Amino acid sequence: MTTAQNTPLLEIRDLSVRFGGLLALSEFSLAVEHGEIYALVGPNGAGKTTVLNCISGFVRPVAGSITFAGTSLLPLGRDRRIRLGIGRTFQQLQLFASMTVLENLLVAQHSAMRSGLFEGILPFGRAPREDHKARTRARDTLILLGLEEYADTRVSVLPHGIQKLVGVARALVLRPRLVLLDEPAAGITHQDVEAMAQNLRTWRKELGTTLLLIEHNMSLVQAVADRVCVLDYGRKLAEGEARTVLSDPAVLEAYLGREALEEPEVVRSAVHEATSISEEQEARREDSTC
Ligand SMILES: Nc1ncnc2c1ncn2[C@@H]1O[C@H](COP(=O)(O)OP(=O)(O)OP(=O)(O)O)[C@@H](O)[C@H]1O
Ligand SMILES: [Mg+2]
């Protein structure tokens, strides 16, 4: 076992998942480096969420291995994986809608404490001190995400874009080493996507968090991802830098279909969309490089 910086933080090898007759993942492999923002993209039903579910312990693969910081994950339960430093958000938010934003972050920490996530925290006798710590950590996280003004607002009355950020805050409040984000930009406005891109870079820089991001929003992927992996029918179709991968004809075909590819105008605009990283985005990306 090694936790050396020169081995990937997360390594998935030859992972296969079966749901009845459906092979949802087939011998899928990837490696995410320490401090990397790695994007997993692909058409609906490609198997992206299934990858995240295998890492966090919601789905058991039929074959393959997953190693996190040198520890084999598959024999471990979900709580143990959280304790190792793996956080996640959900495609369907799964927040407590009738609670406030702050309460959602406190509940997340309370569950983690009960499972022994925070070292030195005992279930009895230290409650007031631990409650104070949990509140401080929650407030710090809300400030980091620019959400402090919503701390005492019930989640159900917040706009969708803010709820998505609260979902991320709930994952980050536990200070994971790796956070798995399942479509953080789904259904949010263009302006919120910009804010999300800025946020992802900030967390990486300020918390040293490594990010594995599933996303259909290619603007976000281009703006933040160091590397992109394209999944199609449970198999890896391509992997590399966003600009190269997203203009690959095989990738465009998987997204657009062969018929669309025969229309030169469709291909031109898709390639343009996939490769047009603005100078402003490039500049910000350079600024944020650790
Ligand atoms: N628990 C399950 N039981 C049965 N089939 C499942 C289950 N979870 C996922 N699947 C199927 O496995 C395939 C991959 O699903 P998955 O949710 O991983 O796709 P995805 O790439 O995340 O898609 P989307 O972009 O729509 O979220 C799909 O065909 C899906 O219907
Ligand atoms: Mg999904």
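Within each chain, residues carry numbers counting from 1 in the order of the written sequence. Chain letters start at A and ligand numbers start at 1, both assigned in the order the entries are written. Per-residue local features are limited, in this predicted model, to residues with pLDDT of at least 70; the limit for side-chain atom pairs, both in listing and counting, is 80 or more; totals at the level of whole chains, interfaces and linings are taken over all residues. No hydrogens and no water enter the side-chain calculation; it runs on all heavy atoms of the structure.

The name given to the protein in an unreviewed UniProt entry is ABC transporter related protein, with the source organism recorded as Ktedonobacter racemifer DSM 44963.

1. Here's the deal with the site of ligand 1
The environment of ligand 1 is formed by 14 residues, the closest being Gly 45, Lys 48, Thr 49, Thr 50 and Gln 91. Two N or O atoms count as a polar contact when they lie within 3.5 Å, although within protein this holds only if one can serve as hydrogen donor and the other as acceptor, and sequence-adjacent residues are included solely when both atoms are side-chain atoms. A distance of 3.1 Å separates an oxygen atom of ligand 1 from a polar backbone atom of Ala 46. In the model, an oxygen atom of ligand 1 is placed 2.8 Å from a nitrogen or oxygen of the Thr 49 side chain. Values of accessible area rely on a 1.4 Å probe in the Shrake-Rupley scheme; residue burial ignores everything except the protein chains shown. Protein contact buries 61% of the 630 Å² of open area that ligand 1 shows by itself. Note on conventions: DSSP H or I runs of at least 4 residues are helices, E runs of at least 2 residues are strands, and numbering of each starts at the N terminus. Those elements giving two or more residues to the shell around ligand 1 turn out to be β2 (22-32) and α1 (48-56). It is α1 that contributes the most residues to the shell around ligand 1, three residues altogether. Partitioning the shell around ligand 1 into residue classes produces five nonpolar, seven polar and two charged. What makes a residue near a molecule or strand is one non-hydrogen atom of that residue sitting within 4 Å of it. Each residue is assigned to one class: nonpolar for Ala, Val, Leu, Ile, Met, Phe, Trp, Tyr, Cys and Pro, charged for Asp, Glu, Lys and Arg, and polar for all the others, Gly among them.

2. Description of the layout of surface pockets
Buriedness of a pocket was judged along seven lines, with at least five required to meet protein on both sides within 12 Å; pockets are open sets of points on a 1 Å grid over the protein atoms alone, cavities are sets where a 1.4 Å probe fits but cannot get out, and lining residues have an atom within 4 Å of a point. Grid points are joined across faces, edges and corners, and a volume is the space filled by probe spheres set on the points. Space inside the largest pocket adds up to approximately 600 Å³. In terms of lining, the largest pocket is formed by 21 residues, of which the most central are Phe 58, Ile 82, Phe 90, Arg 170 and Leu 174. Here the element with the most residues in the lining of the largest pocket is helix α3 (residues 101-114); it accounts for five residues. Residue classes in the lining of the largest pocket are distributed as ten nonpolar, six polar and five charged. Domain delimitation follows an automatic or database domain assignment. When residues of the lining of the largest pocket are sorted by domain, at least three fall in each of domain 1 (10-85 + 176-288) and domain 2 (94-168).

3. Thoughts on the side chain of Asn 104
Its place among the elements puts Asn 104 in helix α3. Ignoring anything within four residues of it in the chain, the contact list for Asn 104 reads Leu 95, Phe 96, Met 99, Val 155 and Arg 170. Residues count as neighbours in contact if any of their non-hydrogen atoms are within 4.5 Å of one another.

4. Thoughts on unusual backbone geometry
Its identity is not glycine, yet Glu 27 carries a phi of approximately 45°, on the positive side. Along the chain, Glu 27 turns up in strand β2. For each residue, the accessible area found with a 1.4 Å probe, counting protein chains only, is set against the maximum for its type, and the residue is called buried under 20%, exposed over 50%, and partly exposed in between. Classification of Glu 27 as exposed rests on a relative accessible area of 56%. Look at Arg 175: it is not a glycine, yet its phi comes out positive at around 50°.

5. Some remarks on the pairing of β2
Of the pairings in the sheet, the one linking strand β1 (residues 10-19) to β2 comprises seven bridges and is antiparallel in character. Within β2, the residue paired with Phe 19 across the bridge is Leu 22. Connecting the antiparallel pair β1 and β2 is a turn made up of two residues, with Gly 20 showing a positive phi of about 60°. Between any two strands, pairing holds if DSSP finds at least two bridges.

6. As for the sheet that holds strand β9 (residues 227-232)
With mixed pairing, the six strands of this open sheet are ordered in space as β6-β7-β8-β3-β9-β10. Strand pairing shows two members of the sheet lacking a second neighbour, β6 (86-88) and β10 (235-240), which therefore form its edges. Going from strand to strand, the sheet's axes swing by 20° on average, the running direction of each strand aside. Where β9 and β10 come together, five bridges link them in antiparallel fashion. In the sheet register, Val 230 faces β10, and the bridge partner there is Ala 238. On the sheet, helix α6 (residues 190-207) packs against β3 (37-41), β7 (178-182) and β8 (210-214) and is oriented at approximately 155° with respect to β8. Axis angles are defined between N-to-C directions and span 0 to 180 degrees, where every axis is a line fitted to C-alpha atoms and, for a helix, only to the segment in contact.

7. As for the nonpolar core
One finds Leu 145, Trp 203 and Val 228 to be the most contacted residues of the largest nonpolar core, which totals 51 residues. For this core, the element with the highest residue contribution is helix α5 (residues 160-172), accounting for seven residues. Shared between two domains, this core holds at least three residues of each, these being domain 1 (10-85 + 176-288) and domain 2 (94-168). Contact partners of Val 228, with chain neighbours within four places excluded, come to Ala 39, Val 41, Val 221, Ala 238, Glu 239, Gly 240, Ala 242, Val 245 and Leu 246. Each nonpolar core is a collection of buried residues, namely Ala, Val, Leu, Ile, Met, Phe, Trp, Tyr and Cys, held together in the definition by side-chain atoms within 4.5 Å. In terms of nonpolar packing, the next biggest core, distinct from the first, is built from 31 residues, Ala 24, Leu 40, Leu 76 and Ile 86 among them.

8. Here we look at the packing of aromatic side chains
Aromatic ring pairs are reported here in terms of the distance separating the ring centres and the angle at which the planes meet. Each Phe, Tyr or Trp ring, with Trp reduced to its six-membered ring, pairs with another whose centre is within 6.5 Å; inter-plane angles below 30 degrees give stacked pairs, above 60 give edge-to-face pairs, and intermediate values give tilted ones. Using the criterion set out here, one finds one aromatic pair in the structure. Taking 5.7 Å as the distance between ring centres and 85° as the angle between the ring planes, the aromatic pair formed by Phe 58 and Phe 90 counts as edge-to-face. Of the two residues, Phe 58 is situated in the loop between α1 and β4 (63-68) and Phe 90 in the loop between β6 and α3; the sequence distance between them amounts to 32 residues. Note on Phe 58: relative accessible area 40%, which makes it partly exposed. Take Phe 90: its relative accessible area is 17%, and that puts it in the buried class. Only when the NZ of Lys or the CZ of Arg is both within 6 Å of the ring centre and within 35 degrees of the ring normal is a charge said to sit over the ring. Directly above the aromatic system of Phe 58 lies the positively charged group of Arg 78, at a separation of 4.1 Å from the ring centroid.

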